Amino acid sequence: MNVVRTILLIAFIIVSVILAALVLMQEGKSAGLGAISGAAETYWGKNKGRSMEGTLVKITKILAVLFFILAAVLNTRFF
């Protein structure tokens, strides 16, 4: 059982580091002065799900769920 806990702990640390890096790579959600003139509604704004930022958001959500699951499993007394 100690081996399983060590593997889960290593996976938890790796997910934590990758999650922190992905959050730092994302752009801010504020539109700035572009929202005043209507420049925020561009091609990249409409197709955000297909862009690099959309991919980062999806991966961040998946890793965040994995982070919480690993944290809950590591907190139990099973291991």
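A brief look at the structure comes next. Not measured: the values here are computed from a predicted model. (Residues numbered from 1 in each chain as written. Predicted model: local features only at pLDDT ≥ 70, side-chain atom pairs only at ≥ 80, totals over all residues. Heavy atoms only, no water.)

Some words on the side chain of T60
Inference 1: Checked against the element boundaries, T60 lands in helix α4 (residues 52-75).
Inference 2: Given a relative accessible area of 13%, T60 falls into the buried group.
Inference 3: Ignoring anything within four residues of it in the chain, the contact list for T60 reads L19, L22, V23 and Q26. (Helix = DSSP H or I, 4+ residues; strand = E, 2+ residues; numbered from the N terminus. Buried < 20%, exposed > 50% of the residue type's maximum accessible area, 1.4 Å probe, protein only. Contact = heavy atoms within 4.5 Å.)

Some words on the packing of aromatic side chains
For any pair of aromatic rings, the description consists of the separation of the ring centres together with the inter-plane angle of the planes.
Inference 1: Scanning the model with the defined rule gives two aromatic pairs in all.
Inference 2: Centre to centre, the rings of F67 and F68 are 5.6 Å apart; their planes meet at 80°, and the pair counts as edge-to-face.
Inference 3: Here F68 falls in the exposed class, since its relative accessible area comes to 58%.
Inference 4: Every member of this aromatic cluster is reached through a ring pair, and the members are F12, F67 and F68. (Phe/Tyr/Trp six-rings, centres within 6.5 Å; stacked < 30°, edge-to-face > 60°.)

Some details on a nonpolar patch on the surface
Inference 1: Side chains of L9, I13 and V17 sit close together on the surface and give an oily, nonpolar patch of about 280 Å² of accessible area.
Inference 2: Taking the relative accessible area as the measure of exposure, L9 reaches 42% and is therefore partly exposed. (Patch = residues over 30% accessible without salt bridge, like charges linked within 9 Å, V, L, I, M, F, W, Y side chains within 5 Å. Areas by Shrake-Rupley, 256 points an atom, 1.4 Å probe, with all protein chains shown as cover. Salt bridge = Lys/Arg side-chain N within 4 Å of Asp/Glu carboxyl O.)

A short note on α4
Inference 1: The first and last C-alpha atoms of α4 sit 34 Å apart over 24 residues, in line with the 34 Å expected at 1.5 Å per residue.
Inference 2: Structurally, α4 contributes buried residues whose contacts are with α1 (2-25). (Expected span 1.5 Å × (residues − 1).)

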